[in-house]
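Take a look at the letters that make up each chain.
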Amino acid sequence: MRVNPEPESDACAVAVEPHPAWLRVLLARHAKRPHSLDYISRLIAGFEEVHGDRSFADDPAIVAGFGFFEDRPVMVVAEQKGRNTKQKLYRNFGMPKPEGYRKALRVMQMAAKFGRPVITLLDTPGAYPGIDAEERGQAEAIARNLREMSRLPVPVVAVCIGEGGSGGALALGVGNIVLMLENAVYSVISPESCAAIIYRDSAKAEQAAAALRLTAEDLLGLGLIDGIVPEPPGGAHEDPDAAAESLREHLRLRLDELAAYDGPALVDHRYAKFRKMGNFFA
Amino acid sequence: MSWFKRDRPPDEKLPRIEDKERRVRTEGLWQKCEGCRQIIWKKDLEDNWNVCPRCGAHSRIDAAARLRMLLDGGVYAEFDASLYSSDPLDFVDKQPYRDKLAAVRKATGVSDAIISAEGKLDGRLIQICSMENKFIGGSMGAVVGEKIARAIERAMEKRTPLVIVSASGGARMQEGAVSLMQMAKISAALMRLDEARLPYVSVLTDPTTGGVTASYAMLGDLNIAEPGALIGFAGPRVIEQTIRQKLPEGFQRAEFLVKHGMLDAVVPRLEMKPYISKALRFFAG
């Protein structure tokens, strides 16, 4: 697996292979990695974005809207990072604020009202840690989403497409089906913060990334996700079209699978799945 | 020659009086109040549930004391007391997580960061979970998640109210995404408690942050907190690093959260039991 697509030209470069988990972190954050809107534009026909939480503001770090996935009406809620500096600032580096999570909940409940499936795309370094976010109840917004998502009587498929940054990602992640892209990571804390706590040195993030077990294979092995969506060779950024097609296959399969359940059965299915998580005690 | 230069090497010091004779045993008998800086006879403080008799500052109390304080006669039946974490990640930092758990268990006398119990509050049977902050910062991993989920199920089965007293730094890093998912697991269980129309009172004490605030601590029918308790999503240091400026005085304290509409009330520790009792009388008759 390569992170840097350019061939190694520096003869003096020391060939130390990074830990595979750290490679995944680098790929998940790769500057050219497809973001939510790159998938939405390829997979959702006639996508119309809807805005605002109806009480404070619109949060550009979360994109929400309706459209059609292969003729199926769906609601999409996605965390969006920016590509260049201007976009990054506009999207707040993909770190949602409380109004973003409240917008997400509003549109998910709208989808539930009309019996439409919800697709969420997770890609954030974490929920925004700032004074204004605290004042407006970042914790409350995330907590409410966790509880209310578990109550939605419609199919919910959550896909971690890049960085699954702790509670900030999980706030959109309570799905009947939770998938991860092959090179996505999903963790309770960033490797840098973990390293700062354990080793008092955020430069030891590579070690922390390995210890945290944050790759798609790790989460599948721990029984925390339902499947891994393969990426094109080298990573999704090498061929965004192929990555989107791969995701399309998995979404179709999972939505078909969930179409067999009625509302209460979907709620029970989701509850049973999360209730079992973390059977690690004696 | 400087005034402070030693004129004789330390090993030639005058013979010291034996430590044993000099020392009066005072450790553990007195405690300095964090609020008024007064030195207080420790027993007075403990008799007052660690609320300073002079200034009213609340210092932390452990999970078991909390249960004794809230439940009639200090009597309760504990559940799932022997649930131990099996270290899902094989996590190793400076020492293996397994060894750390064993050491903390020995030091605190509890199996993980929470005591799950059933008892009577003013004669009313309740399920109550009390978090132990001394156990790896009161962090929530698979065991905390499972104990709370089972307590919620017991509340539904026996149709009793639920009280959770939080005192936690958040999700437990050493259990990675497993602890993260406990947030969803507990919140989903609270959804079912909500559908069953059973009351849940969340008591937030110092400190309640991270994944605990961002899940069950903020989902009570009533969210109440002790005076001065630190409550937030991101820790103060993380926010300071993000915005690169000092935080205002009183930021993320219980009173700040009430002002911003995030809590129902600040309730002093000594009034906590009558407050919860009254609330349950309102909820459940």
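On a predicted model such as this, the values are computed, not experimentally measured, just so you know.

Caption draft 1: Summary view of the sheet that holds strand 8 (residues 222-225) of chain B. All names here are of chain B. Strands sit in the order 3-4-5-6-7-8-9 across an open sheet of seven strands; the sheet is mixed. Looking at the sheet topology across the chains shown, the edges are occupied by strand 3 (76-79) and strand 9 (265-266). With four bridges joining them, strand 5 (residues 124-131) and strand 6 (residues 162-168) adopt parallel strand pairing. Counted as the bridge partner of Cys129 is Ile164 from strand 6. Running at roughly 25° to strand 4 (residues 114-121), helix 5 (residues 142-158) makes contact with strand 3, strand 4, strand 5 and strand 6 of the sheet. Along the sheet face, helix 10 (residues 272-284) touches strand 4, strand 5, strand 6, strand 7 (200-208), strand 8 and strand 9 and points at about 175° away from the line of strand 8.

Caption draft 2: Broad picture of the confidence of the model for chain B. Per-residue pLDDT for chain B has a mean of 91; in total, 91% of the residues score no lower than 70. On the interface metric, ipTM, the complex scores 0.92, and its pTM is 0.91.

Caption draft 3: A look at helix 1 (residues 20-28) of chain A. Most of helix 1 of chain A is tucked away: seven of the nine residues are buried. Residues of helix 1 of chain A that are buried include every one of Ala21, Trp22, Leu23, Arg24, Val25, Leu27 and Ala28 of chain A, and no others.

Caption draft 4: A look at unusual backbone geometry. All names here are of chain B. For the bond from Asp206 to Pro207, the omega torsion is -10°, close enough to zero to count as cis. Its location among the elements puts Pro207 in strand 7. Phi angles above zero are rare outside glycine, and Ile136 is one such case at about 45°. Assignment of secondary structure puts Ile136 in the loop between strand 5 and helix 5.

Caption draft 5: Layout of the interface of chain A and chain B. Each partner contributes residues to the interface: chain A has 46 residues there, and chain B has 57 residues. Here chain A packs against chain B, burying approximately 4500 Å² in sum over the two surfaces, 71% of which is carbon and sulfur. In this assembly, chain A and chain B are joined by four salt bridges. Residue Glu146 of chain B pairs with Arg275 of chain A through a salt bridge whose shortest N-O separation is 3.0 Å. Linking chain A with chain B are 14 residue pairs in polar contact (both at pLDDT 80 or more). Secondary structure elements with two or more residues in the side of chain A that touches chain B: helix 5 (131-135), helix 6 (138-149), helix 7 (166-170), strand 7 (185-187), helix 8 (191-198), helix 9 (205-212) and helix 12 (263-275) of chain A. For the side of chain A that touches chain B, the element with the most residues is helix 6 of chain A, which contributes eight residues.

Caption draft 6: Inspection of a nonpolar patch on the surface at higher detail. Residues and elements named next belong to chain B. Taken together, the side chains of Leu29, Trp30, Ile39 and Trp41 present a nonpolar region at the surface, about 390 Å² in accessible area. In this fold, Trp41 is placed in strand 2 (residues 39-41). The exposure class assigned to Trp41 is partly exposed, which follows from its relative accessible area of 36%.

Cut-off values and rules
- Residues numbered from 1 in each chain as written.
- Chains lettered and ligands numbered in written order.
- Predicted model: local features only at pLDDT ≥ 70, side-chain atom pairs only at ≥ 80, totals over all residues.
- Heavy atoms only, no water.
- Pairing = 2+ DSSP bridges.
- Helix = DSSP H or I, 4+ residues; strand = E, 2+ residues; numbered from the N terminus.
- Contact = heavy atoms within 4.5 Å.
- Axes fitted to C-alpha atoms, helices over the stretch in contact; angles between N-to-C directions.
- pLDDT = per-residue confidence, 0-100.
- Buried < 20%, exposed > 50% of the residue type's maximum accessible area, 1.4 Å probe, protein only.
- Buried area = accessible area lost by both parts, 1.4 Å probe.
- Salt bridge = Lys/Arg side-chain N within 4 Å of Asp/Glu carboxyl O.
- Polar contact = N/O pair within 3.5 Å; in protein donor to acceptor, adjacent residues only side chain to side chain.
- Patch = residues over 30% accessible without salt bridge, like charges linked within 9 Å, V, L, I, M, F, W, Y side chains within 5 Å.
- Areas by Shrake-Rupley, 256 points an atom, 1.4 Å probe, with all protein chains shown as cover.

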